[in-house]
Structure formats: structure tokens, C-alpha cells
Amino acid sequence: MATPVGFHALPLPIVQLSLAAVLKCGQSFRWSIFPLLYASHGDIAVSPTSPTHEYRFCLRDRLVCLRQSPDTLFYHTVFPEVPTSPTQKALKEAETLTWLRDYFQLDIDLMKLYEDWSNRDPVFNKLRSRFSGIRMLRQDPWENLVSFICSSNNNISRITKMVTSLCKHYSPPLLSLLPPCQLDKLGENQEPESYHPFPPPSVLAAPEVASVLRSLGFGYRAEFIQRTAAMLVTAHDLDTAADAREPSEKWLMTLRDLDTSEAREELLKFIGVGRKVADCILLMSLDKREVIPVDTHVQQIAVKHYGLRASSGTKANMTPKLYDEVNTKLAKVWGDYAGWAHSVLFTADLKSFSSYGLPSPSSPAISADAESLGKEAIAVPPTPPLTPSPSPIKRRRAREVTSQPEQAVAIRDEETLQPDDSSFSGSASSLADRVKKRRRVTVDVATKL
DNA sequence: ATTATACCCTAA
DNA sequence: TAGGGTATAA
């Protein structure tokens, strides 16, 4: 497989990382995804293992572009200004590689983890071949925090729109770039897209942000975001180092050094952050690999496949107690990297992945067909799409873009494991506690640095 | 200490 | 009419 022009090649088996799965399974909401459509015949030589997509992510100073073949990750960096010398350029690409290793946590051997989870858990074992390469990203905590405040009572599609719109409105474009060459669109003249970094806390802390976000369709989360940003900025004076991370962002990073429960306690002080959102942040950007965020999906998975008692009422809400029950049970099943394992199951449960390998949630998915899903591994290699498929990046003029709700689809009616007497750990903090803790945030944090 | 209800918006 | 939650008030 030839390296695409302008790209660097990093050898990496796709079982270690599947971009197609990881970048749209609800961890990060800021990756642009472009289908690459090749002519099946013609003068362009294409192997069946050619990358099917390009993925783009905007950092504060550069745009990272990725493609993937079964054994190679291709990366390419675009800067606002072309690097002066070739040496300079090489240096910059090396930085990008460093970022990639960190962001995708490439030092963690995913095969070993899959092996371990398979031994521990027959349910996982059934899925491993169909959902390989799903690993946890190591995201920026600030971006992660805001994104997941957006996630409450919401679906991936809308969260993505909200985050995109947030960036467009509150951070200037870093650069503009044409979409990658798409042969089906050779005739059409394509518009360059502008790429925006994630806005820093000080920008979102401004009081008027709440109402603006509201008008942008953020709903009640608008206030959460603005107030959380304000809390953060207030607690950590900005001594504004122009281009770098702000102090409050750095402080969020230091939560990586705390114990899980300490870090969680800090996160829960923010407005709009409850247990579930806090756990998402712990897992996805604060290195707490054992943490399992429990949403209604995960709860259903736990009931269906792991013998957890169904919630008492017909329509019971997620109580802290139930949350801990689910959490403890699954943590026990999956062990040290339970949060990572959860992500595989969670992804497998997304409707858009019921036909994993096919590009679009709108394709007539085999979806609700729990039967076919459970049978032998179909091991579908990602097939280059034959027809143009709607990408999430379709230009959106109006705010009403049809979106596909990510719904649950049964993984499989498997023999349920016998219920396990799980011990409860941890306890929800009372309202009073939380109020006190919130009041203390400034003081606490001030003494911390 | 637990439990119920509103919340913003979208899809069904 | 319910949803990939959280903040409030009972």
C-alpha cells in the first residue's frame, strides 16, 4: 500500500486502533470525517486496502489529518503558515507524531487487553472480532469537560453539532482547507472548510456566553458551560500566556495526578457535572482507566448480559445506588481497564455500529436484527463505499439537519451470567455536601497551586 | 437521605 | 413522549 502523497506512515495494525470506530463512538465530537471515494477502474491505481476515509482534528496550532489502512496509520500536518525550512517541517511532523502517540495512547497494547477481557468475560469474547481496535482516547480535559456537559439528555449527532458550533463561534479559524480529493465530486468545485480550535475557558467565561449559547440551541446546558468556565477561570487567575494553555486548563490537567475519587470530587463541583459526566471525564481525559460511566445504555447492558437486577420500578431512574451497583459489577468483570472495556461494549451497542464497517448510520442497517448480530463473527473488512455516504461533516446551513439518534440495539441475547453479590462502594454526596464543596472551590483550588 | 420534576431540543 | 443527566425542591 503506497503512502498517500504528503503523508507519513506509522506502522500500526488496525486491531490496535480503528479510527473508523474510535473517532465516532462518542468520545470526541470534534473530528471531521471525509469519505474517500475511489474509482473502481481508471488510471488511478487503488488497492483494496486503501484508506477509505480521511479524519481531521484541529489543535491550537495545527490541523492533524489521518488516514488508515489495515497495517498503517498515515498522518499529515497542516499549519497556518508553511514551515520555513525542511528541517523545521520535519521537526513539526515529529511533534505531531508525539501528539498522536499520546492522544491514542499507543503505548498501551490493546491486543493484550482484549485477550484479558475475553478470558474474563464470555460476552466480551463474542464481540471482540467484530469490534476490534476500540481504545480510549486521551483527550484534553477542558474540551472533554465542556463536551460532556453538552452530553446530558442528548445524542452523539446533536452533541457534535453543538461542539462544532461552539468552536466556530468562539474561536477564530486557524486555517482553511479543501476537503480531501473525492473522485465522485471531481466535477463540483468544493469549498474550503475552516477549522477552529477549541476555545479556552476565559472565552467561555464571559457572562453573555450563556445567552448566546442558548440562542445557538444549547438549551439548559448553555448556563452550565458558561458558569463552569467562569468557576474555572475565577479559581485560577489567568496570567494570560497568549498562545499556551490557560492556568485553569493546566489545573484541570493536574487532576490526572490525583486518585480517582479525589479527581471525581473536584469535577463534581462544576455546574452541569454529575456522576456520569464526571466519570466520562475521568476516563477519557484524566487517565482513570478503571472508571465506568453508567448511563441508561450501560445499565441495560448490565441487566441484559451481566445479571444485574433490573431496576425496581417499571421506569426507574438512575439512582446513585443503582449507579454504584452497575459500576461495581462491571468493574469486577473487566478489571483494571474496565473503563476501556466498557467503551468497546458501548460502541458495539450503538446503532450506528450495528453494521460496523459500513460508513453510515443511515444505511439500511441490519440493526434491530439482534439475531444476525449474535451469530458467528462476520469479520467484515471495511469495504470501500460504493455510493456516496452522508458524512457527519456535510455542510450545514440551517441548524435543522436530520440526524440519526443513536439508539440501543441488542448485542445479543446471551445466556446471562448468574447474579453476583456485588459490594457497594463509594457513596453519593448529599446536596448539602455538594453545595459546601462548590462554595469551597475557590479556596481549595487556590491552596492547591 | 431519597425521590420527583423541570429543563432545551430533536427524533418518532 | 422519551431520551447517553443534572439541579433543584420536596
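Scoring rules and cut-offs
- Residues numbered from 1 in each chain as written.
- Chains lettered and ligands numbered in written order.
- Predicted model: local features only at pLDDT ≥ 70, side-chain atom pairs only at ≥ 80, totals over all residues.
- Heavy atoms only, no water.
- Helix = DSSP H or I, 4+ residues; strand = E, 2+ residues; numbered from the N terminus.
- Buried < 20%, exposed > 50% of the residue type's maximum accessible area, 1.4 Å probe, protein only.
- Polar contact = N/O pair within 3.5 Å; in protein donor to acceptor, adjacent residues only side chain to side chain.
- Salt bridge = Lys/Arg side-chain N within 4 Å of Asp/Glu carboxyl O.
- Disulfide = S-S within 2.5 Å.
- Axes fitted to C-alpha atoms, helices over the stretch in contact; angles between N-to-C directions.
- Parallel < 35°, antiparallel > 145°, perpendicular 65-115°, else oblique.
- Contact = heavy atoms within 4.5 Å.
- Nonpolar A, V, L, I, M, F, W, Y, C, P; charged D, E, K, R; others polar.
- Phe/Tyr/Trp six-rings, centres within 6.5 Å; stacked < 30°, edge-to-face > 60°.
- 1 Å grid on protein atoms, 1.4 Å probe; cavity = no way out; pocket = protein on both sides within 12 Å on 5 of 7 lines; lining within 4 Å.
- Points joined across faces, edges and corners; volume = space filled by probe spheres on them.

Engineer: Outline the side chain of Ser-50, listing residues and values.
Structural biologist: Residue position: Ser-50 is located in the loop between β2 (32-35) and β3 (53-58). Under the relative-accessibility criterion, Ser-50 is labelled buried at 11%. Of the polar contacts made by the side chain of Ser-50, one reaches the backbone oxygen of Ser-47; its length is 2.9 Å.

Engineer: Describe the pattern of salt bridges, with residues and values.
Structural biologist: Note on pairing: side chains with opposite charge can pair once their charged atoms come close. A full pass over the atoms with the stated rule returns 19 salt bridges. Between Glu-223 and Arg-214 there is a salt bridge, and its shortest N-O distance comes to 2.7 Å. Salt bridges here are not isolated pairs; linked through shared partners, they connect Asp-102, Arg-138, Arg-256 and Asp-287.

Engineer: With reference to specific residues and values, describe the state of the cysteines.
Structural biologist: The full count for this structure, using the stated rule, is 0 disulfides. Cys-150 forms no disulfide, and the closest cysteine sulfur to it belongs to Cys-167, at a distance of 9.8 Å. The class of Cys-150 is buried, set by a relative accessible area of 1%. This cysteine, Cys-280, is not joined by any disulfide, and Cys-25 carries the nearest cysteine sulfur, 11 Å off.

Engineer: How would you explain the packing of helix α13 (residues 296-305) against helix α15 (residues 338-349) if you had to name every residue and give the values?
Structural biologist: At their nearest, the axes of α13 and α15 sit 10 Å apart, and the two run at 95° to each other. As judged from the angle between their axes, α13 and α15 are roughly perpendicular. Residues His-297, Val-298 and Ile-301 of α13 form the contact with α15, whose own contacting residues are His-342, Leu-345, Phe-346 and Asp-349. For the contact of α13 with α15, the residue count by class is 4 nonpolar, 2 polar and 1 charged.

Engineer: Run through the packing of aromatic side chains, naming residues and quoting values.
Structural biologist: In total, this model carries 16 aromatic pairs according to the counting rule given. Summarising the aromatic geometry, the rings of Tyr-103 and Phe-104 are spaced 5.1 Å apart at their centres and angled 90° between planes, so their arrangement reads as edge-to-face. Looking at Tyr-103, the relative accessible area reads 3%, which means it is buried. Centre to centre, the rings of Tyr-114 and Phe-124 are 5.1 Å apart; their planes meet at 75°, and the pair counts as edge-to-face. Linking Tyr-114 in helix α3 (residues 110-120) with Phe-124 in helix α4 (residues 122-127), this pair joins segments that are 10 residues apart in sequence.

Engineer: Could you give me a rundown of empty space enclosed by the protein, with the residues and numbers involved?
Structural biologist: Scanning the entire structure with this criterion turns up 3 cavities of 30 Å³ or more. Lining of the largest cavity is provided by Val-298, Ile-301, Leu-330, Trp-334, His-342, Leu-345 and Phe-346. Secondary structure elements with two or more residues in the lining of the largest cavity: α13, α14 (320-334) and α15. The dominant element in the lining of the largest cavity, judged by the number of residues it contributes, is α15, at 3 residues.

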